[in-house]
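# Secondary and tertiary structure notes
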Amino acid sequence: MINFELRNMPDFFFGKGMERRCGELLREFGGSRVLIHHSGEAFVRPLIELLKKDIERAGLTTIELGGVVPNPRLSKIYEGIELGKREKIDCVLAVGGGSVIDSAKGIAMGCAYDGDVWDFYCQKAVPERMLVLGVVSTFAGTGSESSRASVVTNDKTQLKRSADDFDLMRPDFAILNPELTQSIPPFQTASGAADIFSHLCENYFSATKDIYLSRQLLTAGMKTVLKNAPIAVREPDNYATRSALMMTAPLAVNGIMRLGLVGDWACHLIEHEMSTEWDIPHGAGLAVITPCWMEYVYRRDVELFARFAVEAFNCEYDFDNPEWTAREGIRKVRGFFRDLGLPGRIQEFAGEVSSGTLKKLAARIPYDKNGDKWEIGCTFHLEEKDVYEIYKMAL
């Protein structure tokens, strides 16, 4: 287990009706002029009106900015920063899922910064402060309500980049009422579950030694998703199932389940280019790319993948042929995503795709210099040529 710091966790408020506490919480954290940020979709309008009344009843002023779309755009963040500075807002309330929360983080950082907020996403600057940020989550998936990251697409350049590893980016509080996720369509529910499962896998496949505690936590998280995601897709009003997914999502990425380890995280970088190119839900793209990544790298550590199959899916360990066990685990992952109704191949949502397009996606990924190579993946290092091969496998 390596050294670690676990700091600045959001305050969680979990359960039915907790959204009614928004006004008092914003005031408690020092807010007075609140920018309510959301998608503007019909299903969220009643919730927005309820929140506005409660916030104004607490003596705070509200300003609205809707229009967030999946794979949030930098242009909307710029719009929010301009509006926020003009209206002298001092706090942002994100009402929605990961895209809304990531966009709200950008606004909260940008309103407290004199330069271009894109500097943070390009790693050219480190945020030193941001506005008070609260979250009312309506979706279980990204865990952005508890993470120290924000992923945004630059409309002009089509580059999808992440501002991350900044502790102050965690929201000050997050309200998690599972009832607010019950109107999410089955496909979106499934995509969120795939995102949670992928986060857990990214950390499970770690080269860090002596991490028994974290592996047990990650395995428990995966089993929670495997058990509850199919039920949530079939029974959208199942409160217990929605609760399990909603609480697993933030824990999967906020550091608690990955104490003392470094995860791989190549899958997310590979998928980011897919959702930028074809504007698909991030979790749906991960359902395609995760098993392909596994197939490409598992021979580098067959024992680790075999243990994953046993611990996550209760596969029988074949001592004479551990590779069979490893491959069985990968087959189970692919089947789990398929049973949720998620795509298994790129062509299912993109049609015919040229090799030139795949090469373009592989070239756009922000690789890190590792000696004389440019690579991604902290456990299984991948160069651009490897990423291209994984994209081809995913076709």
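All values derive from a computational prediction rather than experimental measurement.

### A look at a nonpolar patch on the surface
Taken together, the side chains of Met1, Phe4, Leu6, Leu213 and Ile256 define a hydrophobic patch exposed on the protein surface, amounting to about 440 Å² of accessible area. Among the structural elements, isoleucine 256 can be located in the loop between α8 (239-251) and α9 (266-278). Judged by its relative accessible area of 31%, isoleucine 256 is partly exposed.

### Quick word on the nonpolar core
Soluble, globular proteins show a tendency: their nonpolar side chains are buried together. Counting 105 residues, the largest nonpolar core has Phe197, Phe205, Trp293, Phe308 and Tyr391 as its most contacted members. Ranked by residues supplied to this core, first place goes to helix α10 (residues 282-297) with 9 residues. Once you skip the residues sitting within four places of it in the chain, tryptophan 293 turns out to touch Phe205, Asp264, Ala266, Cys267, Phe305, Phe380, Leu382 and Ile390. In this structure, Val34, Leu51, Cys91 and Phe173 belong to the second largest nonpolar core, which totals 21 residues.

### Remarks on the packing of aromatic side chains
Enumeration according to the criterion identifies 19 aromatic pairs in this entry. Here the aromatic rings of phenylalanine 197 and phenylalanine 336 are separated by 5.6 Å at their centres, their planes lie at 50°, and the arrangement is tilted. One end of the pair, phenylalanine 197, is in helix α6 (residues 186-204); the other, phenylalanine 336, is in helix α12 (residues 322-339), and 139 residues separate them in sequence. A relative accessible area of 0% means that phenylalanine 197 is categorised as buried. Note on phenylalanine 336: relative accessible area 8%, which makes it buried. An aromatic cluster is defined as three or more aromatic residues linked by ring pairs; in this entry it consists of Phe197, Tyr204, Phe205, Trp293, Tyr298, Phe305, Phe308, Phe313, Phe336, Phe337 and Phe380. Just above the ring of tyrosine 239 sits the side chain of lysine 16; from NZ or CZ to the centre is 4.6 Å. Lying over the aromatic face of tyrosine 204, arginine 215 brings its terminal NZ or CZ to 5.0 Å of the ring centre.

### Structural notes on the pattern of salt bridges
Using the criterion set out here, one finds 19 salt bridges in the structure. Among the salt bridges present, the one from arginine 364 reaches glutamate 273, with a minimum N-O distance of 2.8 Å. In this pair, arginine 364 sits in helix α14 (residues 355-364) while glutamate 273 sits in helix α9, placing the two residues 91 residues apart along the sequence. Glutamate 273 carries the same exposure label as arginine 364, and that label is buried. A single salt-bridge network, built from bridges that share partners, covers Arg161, Glu273, Glu277, Lys360 and Arg364.

Procedures and definitions
- Residues numbered from 1 in each chain as written.
- Predicted model: local features only at pLDDT ≥ 70, side-chain atom pairs only at ≥ 80, totals over all residues.
- Heavy atoms only, no water.
- Patch = residues over 30% accessible without salt bridge, like charges linked within 9 Å, V, L, I, M, F, W, Y side chains within 5 Å.
- Areas by Shrake-Rupley, 256 points an atom, 1.4 Å probe, with all protein chains shown as cover.
- Salt bridge = Lys/Arg side-chain N within 4 Å of Asp/Glu carboxyl O.
- Helix = DSSP H or I, 4+ residues; strand = E, 2+ residues; numbered from the N terminus.
- Buried < 20%, exposed > 50% of the residue type's maximum accessible area, 1.4 Å probe, protein only.
- Core = buried A, V, L, I, M, F, W, Y, C linked by side-chain atoms within 4.5 Å.
- Contact = heavy atoms within 4.5 Å.
- Phe/Tyr/Trp six-rings, centres within 6.5 Å; stacked < 30°, edge-to-face > 60°.
- Lys NZ or Arg CZ within 6 Å of the ring centre and 35° of its normal.

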